[in-house]
Amino acid sequence: MVASIYQLGYKKLSQIIFEWQAADRASLLSLFIVLEITMHWLWCLFVWLRRGASNSYVDMTLLYPIWLIITLMGLFFWWTVGHLSNIKNDYQRLHFWQIVLIFVYSLYIAVVVLVMGHSSLVSGVSLVGGTMLAMMLVRRRYIWKAFLIQVFLIILVTLLPYAGINLPSMRQLNITSIPAGTFSYQTYNEITTIENAIAASIFQDGTLSWDSINEIRRSSAFFWRTTHLYLALPKAIFMVYVFSTILLILDDSKKEIIQHANHDELTGLKNRRYGLTQMQQTLAHLTDTQDYTVILLDLDLFKNINDNYGHDVGDQVLKEVAEILKEALNDADIISRYGGEEFLIVLPDMTHSLAMTIAEQLRRDIDRYVLQVDDSLSFRVTASLGLYTLTHTERMRIKQAYAITEPKENTAQSKKLQTIKSRKGKHVIIKTSELPKTYLPSDICQRLISIADKALYEAKDRGRNQVVSANEMLAADKSLGSIYSA
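Note that the structure is a prediction, hence the values are computed from the model and not measured.

What counts, and at which threshold
- Residues numbered from 1 in each chain as written.
- Predicted model: local features only at pLDDT ≥ 70, side-chain atom pairs only at ≥ 80, totals over all residues.
- Heavy atoms only, no water.
- Helix = DSSP H or I, 4+ residues; strand = E, 2+ residues; numbered from the N terminus.
- Buried < 20%, exposed > 50% of the residue type's maximum accessible area, 1.4 Å probe, protein only.
- 1 Å grid on protein atoms, 1.4 Å probe; cavity = no way out; pocket = protein on both sides within 12 Å on 5 of 7 lines; lining within 4 Å.
- Points joined across faces, edges and corners; volume = space filled by probe spheres on them.
- Pairing = 2+ DSSP bridges.
- Axes fitted to C-alpha atoms, helices over the stretch in contact; angles between N-to-C directions.
- Parallel < 35°, antiparallel > 145°, perpendicular 65-115°, else oblique.
- Left-handed = near helix turned anticlockwise from the far one by under 90°.
- Contact = heavy atoms within 4.5 Å.
- Nonpolar A, V, L, I, M, F, W, Y, C, P; charged D, E, K, R; others polar.

1. Describing unusual backbone geometry
Notably, Asp 349 is not glycine yet its phi reads approximately 55°, a positive angle. In this structure, Asp 349 sits in the loop between strand 3 (342-348) and helix 14 (352-368). Note on Asp 349: relative accessible area 45%, which makes it partly exposed. Phi angles above zero are rare outside glycine, and Asn 465 is one such case at about 55°. Along the chain, the position of Asn 465 falls in the loop between helix 17 (444-461) and strand 9 (467-469).

This is the structure we're talking about:
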């Protein structure tokens, strides 16, 4: 697949990053280079068409060989756009041409920066922006080596004039008052100083007249600064667009990853792992007066549905039951698919009596629902529910009991938290209010679910399609004791 400029949209860039092969990405990098070289070629054409006006501040003897080099480079990189896509199955050749592509471009852009005035704006965009863009498309180790080569060339180009070596530059100044011993090559800051002096000499009594504006327009300072903007800004804007698009892609990918990690693909409910995580978090944020209810819901004789009607019908049942649960409960409640045909429902800040009412209503909603498979087949499903409410008094008792029976290692660690030794050897005393609060045991969630599960099995034993309260079971059988003895 040969790259084209129509592949720079949001959706296409997403495919490039996550789906394209290495050869196609390298081909797209070649296309980017062709676009940049085209801008350089058009600049040479503009200078040539205005050679009468540009002759005073552009070295026309260098224009023609540079123009020829730019043309040859454009043809070469245009050829690589198609060539790289045709060798996607030959990895050895692909790696070779990636190296050639990066090496030739590094030399080319170094020459362009050199002969067009050594602007820090152009070199900065090419060095940093070009490197980051290329790292998305070809092997990063190749780009890293090319980056180091570019840095070396910049340092070399900066130091050579001070060693008495004149470097070629298309830039000419339109004054003759520069000292005769000055090197033909000037760094960007030095040339800026000279340009400011030239510009200052144009003004009379600090007033900017129309004649002065026309003079500035004809000066080399205006021409070369606009040249540097022309060479750097479109490239910078393009790179900002690409990276902003990449960030949007990554944000969407992050949302998608989180969605797959936290939700059950079939029902759209939270999955077991995420449901337990949310359960742990809501338990930690309860106030001292709030009760907490856990419900396990299991579809009755679900295996028979799969056996008699097929797994597709079974999947349809699970999805429609999930919709019933989502419609009946609110956003504050936690609904997750616990496994198979079993659902975990957590009702934070919910008393036992109200939770029993809600559970009974869920049972009735499922019982009344008629599943229409096709025109000739429809049936009902039923559900059994086991419920347990952790009252606020029982929760506080567990907290206190857990704090007393906490292992000695944890107690010693808590004491260490009271005194923190700083790097300077001083001790900082933490106030009691800043110490961690007493937490519930780490297995509290599984314990609550286990109690609700016993009530669920009791509902099955009693004939299914009913709600059983574990709280009532514990109250009726004193031998079961509390949650941590049942």
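2. Concerning empty space enclosed by the protein
Tallied over the entire structure, the rule returns three cavities of 30 Å³ or more. Empty space within the largest cavity amounts to approximately 110 Å³. What lines the largest cavity is a set of 11 residues, among which Ala 110, Val 113, Ser 123, Gln 150 and Ile 154 lie closest to the centre. Put simply, the parts of the chain that give the lining of the largest cavity at least two residues each are helix 5 (91-115), helix 6 (120-137) and helix 7 (140-159). With four residues, the single largest contributor to the lining of the largest cavity is helix 7.

3. Observations regarding the pairing of strand 1 (residues 292-299)
In regular strands, side chains alternate between the two faces of the sheet. Within strand 1, eight of the eight residues are buried, which leaves it mostly tucked inside the rest of the structure. Burial along strand 1 is two-sided: Tyr 292, Val 294, Leu 296 and Asp 298 facing one way and Thr 293, Ile 295, Leu 297 and Leu 299 facing the other are all buried. When strand 1 meets strand 3, the two strands line up antiparallel, connected through seven bridges. The residue bridging Tyr 292 from the neighbouring strand is Pro 348, located in strand 3. Two strands pair when backbone bridges link them, and strand 1 and strand 6 (residues 383-390) are joined in this way by eight bridges, in the antiparallel orientation. Across the sheet, the residue bridging to Val 294 is Tyr 388, located in strand 6.

4. Focus: the packing of helix 5 against helix 7
Two elements in contact, helix 5 and helix 7, have axes whose closest approach is 10 Å; the angle formed by their N-to-C orientations is 25°. As far as their axial angle goes, helix 7 and helix 5 are roughly parallel. In this structure, helix 5 meets helix 7 at a crossing whose hand is right-handed. Facing His 95, Gln 98, Ile 99, Ile 102, Ser 106, Leu 107, Ile 109, Ala 110 and Leu 114 of helix 5, the residues of helix 7 in contact are Tyr 142, Ile 143, Ala 146, Gln 150, Leu 153 and Val 157. Its residues placed into classes, the contact of helix 5 with helix 7 shows 11 nonpolar, four polar and no charged.

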